[in-house]
Amino acid sequence: MPSSHDWINKPLGVVEAMFAQSNSNPEWEAKVLEYFKGQLKEKESHSWVPSLNDVPLHYLKPNSLVKFRCLVQDMFDPEFYMGVYETVDPSTKANVLRCGKYKDVTECGVDLNSRNTVTAERQTFYCVPIPGESPWAKEISFLSAARVVPSTSYVPSRQKRSYEEDDDDMDTQPQKQREPHTEPHGNGDSKRQETEAPSSQTTTPSDCSSHLDLNFPLPGERGPACLVKVYEGLDSFKLNDTLEIYGILSVNPVLTVLGEEKDPSLLLLNPTESMETPEEQRAHDPPASLVPRLHMLYARPLQHNNPLLPSAPTEDQSAFVSSFLVEMASVRAELLAYLTHVLLGDGLAAEYLLLHLISDVYTRRDVLPLGKFTLNLSGCPLNSYTERLYQIVQQLVPCSYRLSMSLHTMNSMRLVPKKDYVANRLVSGALQLARNTSLFLDETQLEQGQLDSSGVRNITALGNLISWQKVDYDFSYHQMEFPCNINVLVTSEGRSLLPSDCQVPLQPQVTPPNMEEYLTTIHMAQFTSQINKFRVYLSLARTLDYSISDEVTKAVEDDFVDMRKDDPQSVTAEDLHRMLVVARLLSLSLGQTTLSRDGWMRAKHIDMLRRSRTEQQKSLNGNEP
Amino acid sequence: MSSPTSTPVGSKRSRDDIPVTRKLYRNRLSESYLQILPSEVDMSSPLMYGTPSSRVEGTPRSGVRGTPVRQRPDLGSARKAPQVDLHTELPSADGAVASEQAAGQKLVIWGTDVNVGTCKEKFQRFLQRFIDPTSNEDENAGLDLNEPLYMQKLEEISVIGEPVLNVNCSHVQSFDADLYRQLISYPQEVIPTFDMAVNELFFERFPDSILEHQIQVRPYNALKTRNMRSLNPEDIDQMITISGMVIRTSQLIPEMQEAFFQCQVCAFSTRVEVDRGRIAEPAVCRNCNTTHSLALIHNRSAFSDKQMIKVQESPDDMPAGQTPHTTIVYAHNDLVDKVQPGDRINITGIYRAVPMRENPRQSTVKSVYKTHIDVIHFRKTDEKRLHGLDEDSDQKLFTEERVQTLKELAAKPDVYERLSSALAPSIYEQEDIKKGILLQLFGGTRKDFSQTGRGNFRAEVNILLCGDPGTSKSQLLQYVFNLVPRGQYTSGKGSSAVGLTAYVMKDPETKQLVLQTGALVLSDNGICCIDEFDKMSDSTRSVLHEVMEQQTLSIAKAGIICQLNARTSVLAAANPVESQWNPKKTTIENIQLPHTLLSRFDLIFLMLDPQDEAYDRRLAHHLVALYYQSEEQIEEEFLDMAVLKDYIAYARTYINPRLNEEASQALIEAYVDMRKIGSGRGMVSAYPRQLESLIRLAEAHAKVRFSDKVETVDVEEAKRLHREALKQSATDPRTGFVDISILTTGMSATARKRKEEVAQALKKMIQSRGKIPAMKYQQLFDDLRGQSEAAITKDMFEEALRALADEDYLTVTGKTVRLL
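Residues numbered from 1 in each chain as written. Chains lettered and ligands numbered in written order. Predicted model: local features only at pLDDT ≥ 70, side-chain atom pairs only at ≥ 80, totals over all residues. Heavy atoms only, no water.

Going by the annotation in an unreviewed UniProt entry, the name recorded for chain B is DNA replication licensing factor MCM4, with Oncorhynchus tshawytscha given as the source organism. If you open the UniProt record of chain B and go to Sequence similarities (unreviewed entry), you find "Belongs to the MCM family." Of chain B, the UniProt comment under Subunit (unreviewed entry) reads exactly: "Component of the MCM2-7 complex." (UniProt positions renumbered as here; feature names shortened; annotations may be inferred.)

For chain A, the name recorded in an unreviewed UniProt entry is Mini-chromosome maintenance complex-binding protein, with Oncorhynchus tshawytscha as its organism. Its UniProt record gives chain A the following Subcellular location (unreviewed entry) comment, quoted word for word: "Nucleus". Looking at chain A in UniProt, the text filed under Sequence similarities (unreviewed entry) is "Belongs to the MCMBP family."

Listed below in structure tokens is the structure:
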């Protein structure tokens, strides 16, 4: 720990010093950014900065530098603020120039008529923790943050929780251990007037201490939401980006003043105050103790949120990758064996599941997303098997969500984000997810019955998501298309009613008498170190580059022509699409960055196996009366 | 913020801060004001503006003086606009006394470089001289374009009596760039000057006209800013024009402009103007010198209307992946309630930023400004959709260079092929289908025959794609939907008739019935892509009949009866009923759509999986390349989607081709030829509808070439494409001939012939049995089957029965057949 930590503890001091030196030369702004970027570049220095994700807000020092791993949930309108302003000292009558950047409030005695006032522009983003972040990912980043002494008085005391408890977390039971995380400092007033979002009402624990709707995409989520003030590079940020933001924390209680305290007569005459509805004020100016403000100094887009992997594409990472590549094949074999056990001994399904887990929309050609690989596991045993399966997937990927497609949820849940014009914000929905989130659609929960209009809309949204990897956000007067990159896994009894890229009927080789016990035993048999390897493997395989040589291209073409020669009905363009994706994923899963002839043959082979299985299934069903 | 640090009128200022000019005007109007205010300003000041004196006593005389001035809250209530002399460096106290128009001195309004006199003169000159012979705005309809435009408008005002003069800023700019700059930079000062100029001119010309209030100038179309996103702090207090969509309007807010006080002791009354939201209550009665005796009388105070409107950036202006911005807009007086949520409007107004009023009890303040726009002028961009043409409603502006590149592209001989291959490059081949869709994107020329009673002639091309599942039909639809600005994408499965047309909704707030438009109306002037057309319910499909030929949509629901325009092209995709296309059946049999609907499609394409090796190889190559080609390679090969978009938009807006002589002849020949083909076999192979299709396609092809004339080449291509589509979809599988009646009547001529034969055979058979009043259905069927050489299906049998029933020969009741 270095001696001078002023840039973490008192970043505003640094900013002000630079401002004072500058003599109104606008270059100082760039210098500030340069300085903080430089500080953060230093080895390990970013781990000294306390994280809003891990440390409860009341342990963090106001106006200190903090970081926040988050998803941009909404972008508010740009606002104008006093970039530079002049204050008059009441005793000496001297005018002093002040800097208003990175601050929410001004010093007292502002001279509003000063000619030196500079109006500047900034934008506010509403950021929430990455939705569906797996407990293990939180845990690890939390522990690693605890390793270095944070610049706060906070000593993390959370126990590592066992697997079982994590399960509970997925349910809707209250979690006593997390109490300190969600404990708000909101005064009684805010409690009284805030209402919960209807979407989260069904699943939010009843003891949810905050009555402010923090607008998380997924029900039952916790964690701090944050209003991030962005000063530079506004165009480079997009909705649903995952970022690690370094900024100055501001929790000034002045920000908490709500409309009720205002004099009604004042409101009448000063219309600028009354143009906001109470809902809007609540959404845009929530109490700072619940939704802190963060003035962004530096933001790093996150490629993934796996804490086991170096996050920045630096030399460390390439070194890390090359060292891991050696192990790749062996880890793959182990993972495959593990998944085979989990899928009740079905090796082929395990192979496909593995490919699915590393799939990624790597590019788009006009409207066509390339690289998506939606898997439909049909023939899943009922009785909580799918639930257990999800828990295992959750243990492997850093971000996931299980959507139980029961009739009730489909009819009542909000999947597509919708603009609320009264509160002037984007009300989130369950499909507002970060990139590469695993969305586990459990169709085994669906029963017969009637879908109402919102249910039909939800199903359509899911279909669009799978086919085009996009979600059409509802802006009342029009829809807006947001591309996404979500891995969708559908478990169903028969063929899913949703489209999918690839359907694998599960053929269990073992039928354990007690499914729960069976799966728990398999899970317990894995060491944490082993599981961690799997986690790294899955995140890493996705990031590898991939190419295909002219020679293999030729071979693939020949092959396709040959296949069609025998029976043109058997192989269509769509099949070729899928096989090319399978070949790609198969190669990447082995750590190969080019397609080899063998790779292509293997892809063809497993696709053949799978197809014969689906056909078998079809004829089986066809024979039934 | 821009207010002066020292008040130029300093010492002479009265306590309520009322600007000089207003006091002046009062001096003239009312004796009582003279008592209140010392006569401090020269009477001839040109800055007499903005006095709230709508209650002038006495009958209004004609002329400037007689017509009441209406205050303009849109320009700000507290207007401090003293003039300063540029030569005397600092604004001194006497600078405010603007009357001394000493020679050689240049007087300007404080803080600006606007000289009132020059400005007025310039604007008057503009009004008197500006001619715009090329104007095509509909506001100028009926005006003589070779006469000064605005003088005609003034004349209109004198006739109609609506005292508002809308001035197009681009006119001002082309007339006097400096004046335009001043208008944009100092609207608050310049617009009142314009008002004065107009009124002087007007009353000079029409001294006897009586107006409700003095004419107000409303400039619009300021070129400064067009996009809400690009507003920045430099635009504060300037005039801007932005486009957007209204998302919310508030209730009417009465805003006090002038407070009326009455002394409780002596009933002396006084008026105080509201200044920046504050009323300076007089502490002492001037008449009886009682302190704190004045009380506010609400119903004698003057209020103005005000409305808060929230405007959201229009979706076309936004960068991908970001949420739309919103801006608050204040409408004043007669602009209140001019717009409704959902309207797309262009707003011209003054951009304002107000510091957040701090709570007096707190020492610190939020360092944020609240911004809003005071509206001067609204212009609805979608208003014209209700009546007639709207070529410029998209307001797409093309830069010179862009037009140049587009024209260069159009000059290339292979532009048609280039564009069609640029369409959905990820979809392999299907050249003719892409060409068809390309022509659909351009559309025909709109013709109006309403004078001869025929109404509008459909210019939109409708296309149906049918074929095997998995032949990237949906992908093509998605592509088109993403390409056109006003496209809608629906799936037949998920949409109801209501979702396609329009429905009536009760607004939760106002309890008002609101007509919500569906996909077809929304895609007016665009393309409506309907996937899974065959899955649509019959009632939904029946809605399309009207839309696809008449291009309108009639609604009679919940007391709302109306006809909406739905000039939309339909691009539909349908799957065959048996999941796989059966080549032995006709199109109608394969997709089971009513022929009445099918005949409304100009082109029907089959997307089948061709089974040939060379094709397979090319397809494989295409797909592999699609997956592994780098971005740059792709871009080299194909036209940019943006270029394609602009090309289409440009052609649709500016090119209206007409048939030339040869082309007309060629079309006639083509039609006659088509009729001839069938006549030999006793079939009709073409109907006037096909001729119309040909014309539309030929026009669209001419548009692709940016040509104002439809020439023979266009007709040739239209013929070819039409023939191709027919070959695919209207070939009778039994005979191998193209038979248009498959599409127009749902049955090929041979099929109809056979139906008749079966019916006759059945009749013969029954007759041969002699006089039996009734017989078993099943037995009859078996007998007929046994008798006939050709295989007779149950369908055919039933059809034959029905035919005979129509002849009143027999009736079918349940399982028995009775002779009549």
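J.: Report on the overall build of chain A, specifying residues and quantitative values.
T.: Check the secondary structure of chain A and you find 22 helices and 17 strands. Within chain A, the fraction of its 625 residues that count as buried is 57%. Sequence separation of at least 24 residues holds for 77% of the intrachain contacts in chain A that already meet a minimum separation of 6. As displayed, chain A offers around 25900 Å² of accessible surface, 52% of which is attributable to carbon and sulfur atoms. (Helix = DSSP H or I, 4+ residues; strand = E, 2+ residues; numbered from the N terminus. Buried < 20%, exposed > 50% of the residue type's maximum accessible area, 1.4 Å probe, protein only. Contact = heavy atoms within 4.5 Å. Areas by Shrake-Rupley, 256 points an atom, 1.4 Å probe, with all protein chains shown as cover.)

J.: Account for the side chain of Arg542 of chain A, naming residues and giving values.
T.: All names here are of chain A. One can find Arg542 in helix α19 (residues 528-543). Within the buried set, Arg542 has no salt-bridge partner at all; the shortest N-O distance to an opposite charge, 4.9 Å, is to Asp360. There is a polar contact of 3.2 Å between the side chain of Arg542 and the backbone oxygen of Ser359. The contact partners of Arg542, leaving out residues within four places of it in the chain, are Leu357, Ile358, Ser359, Asp360, Asn436 and Asn487. (Lys, Arg positive; Asp, Glu negative; His and termini not counted. Salt bridge = Lys/Arg side-chain N within 4 Å of Asp/Glu carboxyl O. Polar contact = N/O pair within 3.5 Å; in protein donor to acceptor, adjacent residues only side chain to side chain.)

J.: How would you sum up the environment of Glu189 of chain B? Please name residues and give values.
T.: Residues and elements named next belong to chain B. With respect to the helices and strands, the residue Glu189 is situated in helix α7 (residues 187-205). By relative accessible area, Glu189 is classed as buried at 13%. For Glu189 and Val116, which are 73 residues apart along the polypeptide, the C-alpha to C-alpha distance reads 8.8 Å. If sequence neighbours within four positions are ignored, Glu189 has contacts with Ile109 and Thr112.

J.: Mind laying out the side chain of Thr87 of chain A, listing which residues take part and the relevant values?
T.: Positionally, Thr87 of chain A belongs in strand β1 (residues 65-88). Classification of Thr87 of chain A as buried rests on a relative accessible area of 4%.

J.: Please give an account of the sheet that holds strand β27 (residues 816-819) of chain B that cites residues and values.
T.: Neighbouring strands of a sheet are bound in pairs by backbone hydrogen bonds; such pairs are parallel or else antiparallel. Residue and element names in this part refer to chain B. Here we have three strands laid out as an open sheet, ordered β25-β27-β26, and antiparallel in their pairing. The strands lining the two open edges of the sheet, one partner per strand, are β25 (774-776) and β26 (810-813). For this sheet the average axis-to-axis angle between neighbouring strands, irrespective of direction, equals 25 degrees. Pairing analysis gives four bridges linking β26 to β27, with the strands arranged antiparallel. Bridging from a neighbouring strand, Thr811 pairs with Arg818 of β27. (Pairing = 2+ DSSP bridges. Axes fitted to C-alpha atoms, helices over the stretch in contact; angles between N-to-C directions.)

J.: How would you explain the confidence of the model for chain A if you had to name every residue and give the values?
T.: Predicted coordinates in regions of low pLDDT should not be interpreted in detail. Residue and element names in this part refer to chain A. Considering every residue of chain A, the mean pLDDT works out to 76; 80% of them sit at 70 or more. Every residue in residues 147-153 scores below 50 in pLDDT, and together they form 13 contacts with partners more than four places removed in sequence or on other chains. Within the model, pLDDT remains below 50 along residues 258-273, and this stretch shows 23 contacts once partners closer than five positions in the same chain are excluded. (pLDDT = per-residue confidence, 0-100.)

J.: Help me get a handle on the environment of Lys153 of chain B, residues and values and all.
T.: Residues and elements named next belong to chain B. As for its position among the elements, Lys153 is in helix α4 (residues 149-160). Residue Lys153 is classed as buried on the basis of its relative accessible area, which comes to 10%. Along the sequence, Lys153 and Leu127 sit 26 residues apart, while their C-alpha atoms lie 9.5 Å from each other.

J.: Residues and numbers for the environment of Leu538 of chain A, please.
T.: Residues and elements named next belong to chain A. Inspection of the secondary structure puts Leu538 in helix α19. Residues Leu538 and Asp54 lie 484 residues apart in sequence; the distance between their C-alpha atoms is 24 Å. For Leu538, the contacting residues outside a window of four places in its chain are Leu335, Leu357, Ile358, Leu396 and Val397.

J.: Report on the sheet that holds strand β16 (residues 487-491) of chain A, specifying residues and quantitative values.
T.: Residue and element names in this part refer to chain A. The parallel open sheet is built from five strands, whose spatial order is β10-β13-β16-β9-β17. The open sheet has two free edges, formed respectively by β10 (400-404) and β17 (502-505), since each of these has just one partner strand. The mean inter-strand angle of the sheet, taken between neighbouring strand axes irrespective of direction, is 20 degrees. Two elements, strand β9 (residues 375-378) and β16, share three bridges in a ladder whose sense is parallel.

J.: Residue-level account of unusual backbone geometry, with values.
T.: All names here are of chain A. Located in the positive-phi region is Asn240, a residue other than glycine, with phi close to 70 degrees. Residue Leu344 is not a glycine yet carries a positive backbone phi of 55 degrees. Among the secondary structure elements, Leu344 is positioned in the loop between α13 (315-342) and α14 (347-357). With relative accessibility at 2%, the residue Leu344 sits in the buried group.

J.: Account for the pairing of strand β4 (residues 216-220) of chain B, with residues named and values stated.
T.: Remember that side chains alternate between the two faces of the sheet whenever the strand is regular. All names here are of chain B. Within β4, five of the five residues are buried, which leaves the element mostly enclosed by the surrounding structure. Residues Gln216, Arg218 and Tyr220 point to one face of β4 and Val217 and Pro219 to the other, with burial holding for every one of them. Both strand β3 (residues 164-168) and β4 contribute to a ladder of five bridges, which runs parallel. Paired with Asn166 across the two strands is Arg218, which belongs to β4.

J.: Hey, could you go over the pattern of salt bridges for me, with residue numbers and the actual values?
T.: Applying the stated criterion to the full structure yields 34 salt bridges over all chains. For Arg300 of chain A, the salt bridge goes to Glu244 of chain A, with nearest N and O atoms at 2.4 Å. On the criterion of sequence distance, the pair formed by Arg300 of chain A in strand β6 (residues 293-301) and Glu244 of chain A in strand β5 (residues 242-250) is long-range, its members being 56 residues apart. On the basis of relative accessible area, Arg300 of chain A is assigned to the buried category, the value being 14%. Across the pair Lys120 of chain B and Glu200 of chain B runs a salt bridge whose closest N-O atoms are separated by 2.8 Å.

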